[in-house]
Amino acid sequence: MLNELKKHPQKILCDTCCLKSSPINTVFTEPAKGVEAADAAIVLARKLNSDVKLAGAYSNKATNLHKLGSDSEALALYRIAINIHLRRR
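Structure report, in brief.

Rules used throughout
- Residues numbered from 1 in each chain as written.
- Predicted model: local features only at pLDDT ≥ 70, side-chain atom pairs only at ≥ 80, totals over all residues.
- Heavy atoms only, no water.
- Core = buried A, V, L, I, M, F, W, Y, C linked by side-chain atoms within 4.5 Å.
- Buried < 20%, exposed > 50% of the residue type's maximum accessible area, 1.4 Å probe, protein only.
- Helix = DSSP H or I, 4+ residues; strand = E, 2+ residues; numbered from the N terminus.
- Contact = heavy atoms within 4.5 Å.
- Salt bridge = Lys/Arg side-chain N within 4 Å of Asp/Glu carboxyl O.

Attention now goes to the nonpolar core. Nonpolar side chains tend to gather and get buried jointly when the protein is soluble and globular. If you look at the biggest cluster of nonpolar residues, it comprises 14 residues, and the most contacted ones within it are Ile42, Leu54, Tyr58, Leu65, Leu77 and Ile84. Secondary-structure elements contributing two or more residues to this core are helix H3 (31–47), helix H4 (51–67) and helix H5 (71–87). Excluding anything up to four places from it in sequence, leucine 77 contacts Tyr58, Lys61, Ala62 and Leu65.

Before going further, it helps to spend a moment on the pattern of salt bridges. Throughout the structure, instances matching the rule amount to three salt bridges. Across the pair lysine 61 and aspartate 39 runs a salt bridge, and its minimum N-O distance is 2.6 Å. With a gap of 22 residues between them, lysine 61 in helix H4 and aspartate 39 in helix H3 connect regions that are remote in the sequence. Judged by its relative accessible area of 14%, lysine 61 is buried. Residue classification places aspartate 39 among the partly exposed positions, given a relative accessible area of 31%. For aspartate 51, the salt bridge is made with arginine 87, and the minimal N-O distance between the two is 3.7 Å. A residue pair is termed long-range when its members are at least 10 positions apart, and aspartate 51 in helix H4 and arginine 87 in helix H5 qualify at 36 residues. In this structure aspartate 51 comes out as partly exposed when scored by relative accessible area, which is 30%.

Another aspect to go through is the environment of alanine 81. With respect to the element layout, alanine 81 can be found in helix H5. Distance from alanine 81 to valine 52, taken between C-alpha atoms, is 8.9 Å for residues 29 residues apart in sequence. Contact partners of alanine 81, with chain neighbours within four places excluded, come to Ala55, Tyr58 and Ser59.

Have a look at this one:
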């Protein structure tokens, strides 16, 4: 992945920004699409080895799931996001 980042840093950074904002932007209009976008953000954050982006993606997915009525799953994902942040300390 480091080689890809070196070859295409602007595209990867753009993808990261778009995927970060997309799940939260759709939460009020189309939470199901927000879940899909958050899943893509989780995959990208893992590829980039970015704990901050990964925690944010899990949090965004949780917010969308809450809007869909999946509160138990949302709560579990919020806990994952919190644990990622705590692990970074």
